[in-house]
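# Architecture and fold: a report
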Amino acid sequence: MKFVVSSTELLSHLQSVSRVISSKNTLPILDNFLFSLSGTELEITASDLETTLITKIKLENASDDGKIAVPAKILGDTLKEFPEQPLTFEINTSSMSVVISSENGQFTVVGQNGDEFPQMAKLKEDDKTELTIDSELLLSGITKALFATADDELRPVMNGILLEISEDNLTFVASDAHKLVRYKRMDGKGESSSSFILPKKPASLLKNILPKEDNVVKVEFDNKNASFTLTDYTLVCRLVEGNYPSYNSVIPTKNPNKLTIGRQELYNSLKRVSVFSNQASNLVKLKIKGNQLTVSAQDIDFSISAYERLNCQYDGDDMEIGFKSTFMIEILANLHTEDIVIELSDPTRAGLILPTPSENKNEDVLMLLMPMMINV
Amino acid sequence: MDLDTFFVSVERLINSKLAGKPVIIGGTSDRGVVASCSYEARSYGVHSAMPMRMALNLCNDAIVVRGDMEQYSRYSHMVTDIIAESAPVYEKASIDEHYIDITGMDRFFGSHKWAHELRERIIHETGLPISFGLSVNKTVSKIATGEAKPNGEKYVEAGLIQDFLSPLSIRKIPMIGKQTFHLLRSMGIVTIDTLRQIPPEMMEKLLGKNGSVIWKRANGIDHSLVTPYSERKSISTEHTFDKDTADIAYLKELLVGMVEKISYELRKKQKLTSCITVKIRYSNFDTHNLQKRIQYTSLDHVLIPIAKELFDRLYSRRMLIRLIGVKFSHLVQGVQQLNMFEDTSEMINLYLTMDKLRNRYGKDAVGRAVSHRPLKPALPYPTIS
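Remember, predicted model here, so these are calculated numbers, not experimental data.

## Looking at the overall build of chain B
Along its length, chain B carries 14 helices and 13 strands. Dimensions of chain B, computed from the C-alpha atoms along their principal axes, are close to 70 × 50 × 45 Å. Taking the intrachain contacts of chain B between residues at least 6 apart in sequence as the baseline, contacts between residues at least 24 apart amount to 62%. Of the accessible surface of chain B, which amounts to about 20,500 Å², a share of 53% is contributed by carbon and sulfur atoms. Looking at charge distribution, chain B has the averaged site of its 52 positive side-chain charges lying 4 Å from that of its 43 negative ones.

Here is the structure:
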């Protein structure tokens, strides 16, 4: 194998796939990138058994097809320090030596047999679902939902994003039982109704590579695995098996109390007041009376307290409700409209946080936050 | 500072007829123990933690009072308030003990004079007798307080600590309990003076880490600070049966009631627990504990099944049980974050309403039906039908 590649182009591809490599690999070969050359196309693969990410580079100058596994850390650390220049890779597949020649030097590492690199999962040809999703749509869905996923070993289904496909829309759902995001897009659809749960890791990998993509993304999945095909990248991952809890039943439908307020204003206020909340519970209280919202917090252990009054539009009964400030701040940071509407029913039921007016006419964003139990 | 026979003094304030008579405070049942007793009763050999039966055998005409913890804690607060008003740094060590750090006060008032005036003020304002010991650290002050009693004061100056400690029994050192005392006594160590002459390494070998601490205390060395406030680390309750039992159904009902009671305490104090411990003591005094880490919570319906599960795993011997207890530890300040799939609004409102009723009408006002059964098992053994 022999090829010439631009150092920065190679680095940028390696950096995006290297996120797959986990620090606690069970197989030593997974600490490598798999380089496989066929014609003038170089494929670089990284995997942690659950998730495999492949990127392709078109080369001008290449000869002798073949594959080899190259130590990821050494390669990455070396490439980081190169200014833009052509690098020549000469690989002897029988002695496994990899020689990289730069303008003024040479670097030699030992690779491993490329055939030992685990094969990525194959989707069942006869039992898979295929659809195409606009890359912008997929990116927004993942970005909006990712922060709400759980870290719960006991309930693995909650550790991923549920993607529900129907004939008229696509819905992304994520929840950790305290907060929930439901992101619906009317401009995406599938041929039939189906769904899968995408784990957190491949979701965040997609979040990183999707901004580079302009075309549509081809999504294929069966009951175990899913693959996402982009122009330069292919991601194959194992899905979370199991049933997602019926999230629609926990979204309250009757919310007589509606509060409209500037998003940034509330966000800044929460950031300031939450400094004074108890560090274990992060409880902030929202007290709504007339057209005034009072945000307050206190930490009895240190005798500190704070409150701020904000003007808002409110239609409903006076009430006081407690939320975990960190959750509320996260939610507000993931919305981008000028104003938001908070819909409430009572202090023991979930509050809905909705952007207003919607960011995009084709989307329906709903964020839900469970309150904390306060004795009013 | 230590209030003399605190419980008895409070009872005497309420009922002056008790003055000058032998009074015993404690449980009246067969297994009740003496919580506190007056000096008159002590002269018959009665002391606290002694079984009530034995106490009554020793002192037949003693007046036994059931005791009212709420009343005592109210008086204790009165004393604490007075101390808080005048002292720069104080530590409430128990219901009737306070440590006060008056470093620096000597420049303005004279430590002894200041302490004397504080004591006079407490006696004057609350009517409760109190004693104090004044010295360079907590250990010596505590021992001095013990010597000052009843209703006295003792000042041990820095240079005279050794002379003061030497002739005293080793029992006076706060860390030495019954077992350590017997161990040391069997080695022929009677006075603190003898204890001091033992090499600290030997003490450490004999009693582990505590050994060297005891040795330091015997030398009047104690660097521990007067800490004004200490976080409540755990909350617990336990119940000793009048008659040992193996009635599992009854034991579990009792457990439910105990969890219910202390989880209400948690919510009232706005705390959450992440560790629950169940304790049982068999009739032969073998005591076993089992604990489990959980997610932060203060809700009964989460804690009760865990307590029951722990109890099932713990009760492995076919033996009667003498005592059962539950403890919540690893507490943090905070309120429950609700879970959208598990906590329904109806459930939360039920908690809030029940807690409101308890706040208003007392902690036993309302609860689960099983926990409101009379506190006695039907038979010591379950019947086989």
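## So, the pairing of strand β12 (residues 160-165) of chain A
Residue and element names in this part refer to chain A. Within β12, five of the six residues are buried, leaving the element largely enclosed by the surrounding structure. Note that β12 and strand β15 (residues 194-199) share six bridges and pair antiparallel. Each bridged residue has a counterpart across the sheet, and for Leu163 the counterpart in β15 is Phe196. Where β12 lies against strand β13 (residues 170-175), four bridges are found, and the strand directions are antiparallel. Along β13, the bridge assignment pairs Ile165 with Leu170. Once β12 ends, the chain turns through four residues before running back antiparallel as β13.

## Section: the sheet that holds strand β4 (residues 63-65) of chain B
Residue and element names in this part refer to chain B. Spatially, the three strands line up as an open sheet ordered β3-β2-β4, and their pairing is mixed. Since the sheet does not close on itself, it has two edges, and those belong to β3 (34-37) and β4, each with one partner. Neighbour to neighbour, the strand axes of the sheet diverge by 30° on average, direction disregarded.

## Structural notes on the domain arrangement of chain B
Annotation of chain B at the domain level lists domain 1 (2-67), domain 2 (169-218) and domain 3 (234-384). Relative to domain 3 of chain B, the C-alpha centre of domain 2 of chain B lies at a distance of 39 Å.

## Description of the state of the cysteines
If you walk through the whole model with that rule in mind, you get zero disulfides over all chains. The cysteine Cys59(B) is free of any disulfide, with Cys37(B) supplying the nearest cysteine sulfur at 9.0 Å.

## Section: a nonpolar patch on the surface
There is a patch of nonpolar side chains on the surface, built from Val275(A), Phe276(A), Phe302(A) and Ile304(A) and spanning about 370 Å² of accessible area. With respect to the helices, strands and loops of the structure, Ile304(A) is situated in strand β22 (residues 304-311).

## Some thoughts on the packing of aromatic side chains
With the rule as written, the count across this model stands at 13 aromatic pairs over all chains. Where Phe7(B) meets Tyr72(B), the ring centres are 4.3 Å apart and the plane angle is 10°; that geometry is what we call stacked. Taken together, the residues Phe7(B) in helix α1 (residues 6-14) and Tyr72(B) in helix α4 (residues 69-86) connect sequence positions 65 residues apart. What makes Phe7(B) buried here is its relative accessible area of 13%. Following the ring pairs from residue to residue traces out a cluster consisting of Phe3(A), Phe35(A) and Phe89(A). Seen from the ring of Phe327(A), Lys324(A) lies directly overhead, with NZ or CZ sitting 5.9 Å from the centre. Seen from the ring of Tyr282(B), Arg317(B) lies directly overhead, with NZ or CZ sitting 4.7 Å from the centre.

## Observations regarding the interface of chain A and chain B
Listed as interface residues are 30 residues of chain A and, on the opposing side, 23 residues of chain B. Here chain A meets chain B over a buried area of about 2,200 Å², counting both sides, of which 62% is carbon and sulfur. Considering only the side of chain A, the residues that lose the most area to chain B are Thr348(A), Met370(A) and Met373(A), jointly responsible for 32% of the buried surface there. There are one salt bridge connecting chain A and chain B. Among the ionic pairs, Glu346(B) bridges to Arg349(A), the shortest N-O distance being 3.8 Å. Counting across the interface, chain A meets chain B through six residue pairs in polar contact (both at pLDDT 80 or more). Class assignment of the residues belonging to the side of chain A that touches chain B gives a composition of 17 nonpolar, seven polar and six charged.

Cut-off values and rules
- Residues numbered from 1 in each chain as written.
- Chains lettered and ligands numbered in written order.
- Predicted model: local features only at pLDDT ≥ 70, side-chain atom pairs only at ≥ 80, totals over all residues.
- Heavy atoms only, no water.
- Helix = DSSP H or I, 4+ residues; strand = E, 2+ residues; numbered from the N terminus.
- Contact = heavy atoms within 4.5 Å.
- Areas by Shrake-Rupley, 256 points an atom, 1.4 Å probe, with all protein chains shown as cover.
- Lys, Arg positive; Asp, Glu negative; His and termini not counted.
- Charge placed at Lys NZ, Arg CZ, Asp CG, Glu CD.
- Buried < 20%, exposed > 50% of the residue type's maximum accessible area, 1.4 Å probe, protein only.
- Pairing = 2+ DSSP bridges.
- Axes fitted to C-alpha atoms, helices over the stretch in contact; angles between N-to-C directions.
- Domains from an automatic or database assignment.
- Disulfide = S-S within 2.5 Å.
- Patch = residues over 30% accessible without salt bridge, like charges linked within 9 Å, V, L, I, M, F, W, Y side chains within 5 Å.
- Salt bridge = Lys/Arg side-chain N within 4 Å of Asp/Glu carboxyl O.
- Phe/Tyr/Trp six-rings, centres within 6.5 Å; stacked < 30°, edge-to-face > 60°.
- Lys NZ or Arg CZ within 6 Å of the ring centre and 35° of its normal.
- Buried area = accessible area lost by both parts, 1.4 Å probe.
- Polar contact = N/O pair within 3.5 Å; in protein donor to acceptor, adjacent residues only side chain to side chain.
- Nonpolar A, V, L, I, M, F, W, Y, C, P; charged D, E, K, R; others polar.

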